[in-house]
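Listed here are the chains, written in short residue letters.
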Amino acid sequence: MERVTQLYHEEIVNHYEHDLSSEPEKFNEGGKEFSKPTVNTEGNLIISKMWIHERGGMLPEDTYHISILTIHKDGKIVNHETKDRFTVQI
């Protein structure tokens, strides 16, 4: 179920954005600590966390945020939230 949660998080929830498995150049300029995607089980909840590189626009900048998806072991989505959004100039 953890693998299914991670795939759902990557391929469905963040379909139009890019999840990060390694730290991009200039990421540390945003003052946040990078971490690889994780999936943990806490009681009956499965929690998937990953840094997301948001789709770029016309400006010379990159924007990132943490995406957190929580799913109950029975398959129901409990919560999806984004945290720690920041932008760096490229």
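It should be emphasised that the depicted structure is a prediction, and the values quoted were computed from it without experimental measurement.

A.B. asks: Even after reading the chapter, I still don't get the overall build of the chain, so can you show me in this structure?
C.D. replies: Looking only at helices and strands, the chain has one helix and five strands in total. Secondary structure elements of the chain, listed N to C terminal, follow the sequence α-β-β-β-β-β. When the backbone C-alpha atoms are referred to their principal axes, the chain occupies close to 45 × 25 × 20 Å. Taking contacts inside the chain between residues at least 6 apart in sequence as the whole, the part at least 24 apart equals 54%.

A.B. asks: Quick question: what am I supposed to make of the nonpolar core here?
C.D. replies: Nonpolar side chains in soluble globular proteins tend to end up buried together. Formed by Leu-20, Phe-27, Phe-34, Ile-47, Trp-51, Tyr-64, Ile-66, Ile-68, Phe-86 and Val-88, the largest nonpolar core amounts to ten residues. Mapped by element, the contributors of at least two residues to this core are β3 (45–53), β4 (61–72) and β5 (77–89). Of the residues forming this core, the biggest block, three residues, is contributed by β4. Beyond its immediate stretch of four places on either side in the chain, Val-88 contacts Lys-26, Glu-29, Gly-30, Pro-60, Glu-61, Asp-62 and Tyr-64.

A.B. asks: Would you mind going over the pairing of β3 with me for this structure?
C.D. replies: Working note: regular strand, side chains alternate between the two faces of the sheet. Two elements, strand β1 (residues 18–19) and β3, share two bridges in a ladder whose sense is antiparallel. When the bridges of β3 are listed, His-18 appears paired with His-53. Strand direction decides the pairing type here: strand β2 (residues 38–42) and β3, joined by five bridges, are antiparallel. Among the inter-strand pairings, Glu-42 is bridged to a residue of β3, identified as Leu-45. The turn linking β2 back onto β3 is made up of two residues, and Gly-43 within it adopts a positive phi angle of 65°. When β3 meets β4, the two strands line up antiparallel, connected through nine bridges.

What counts and what doesn't
- The residue count restarts for each chain, going from 1 along the sequence in the order it is written.
- pLDDT decides what is reported in this predicted model: residues at 70 or higher carry local features, side-chain atom pairs at 80 or more are listed and counted, and totals for whole chains, interfaces and linings draw on all residues regardless.
- Hydrogens and water molecules were not included; the side-chain quantities draw on all heavy atoms of the structure.
- Helix and strand labels come from DSSP, where a helix needs a run of H or I of at least four residues and a strand needs a run of E of at least two; each type is numbered from the N terminus.
- Any two residues whose heavy atoms approach within 4.5 Å are treated as being in contact.
- To qualify as a nonpolar core, a set must consist of buried Ala, Val, Leu, Ile, Met, Phe, Trp, Tyr and Cys residues joined through side-chain atoms within 4.5 Å.
- Only protein chains enter the area calculation, which uses a 1.4 Å probe; residues under 20% of their type maximum are buried, those over 50% are exposed, and those in between are partly exposed.
- Two strands qualify as a pair provided that DSSP identifies no fewer than 2 bridges between them.

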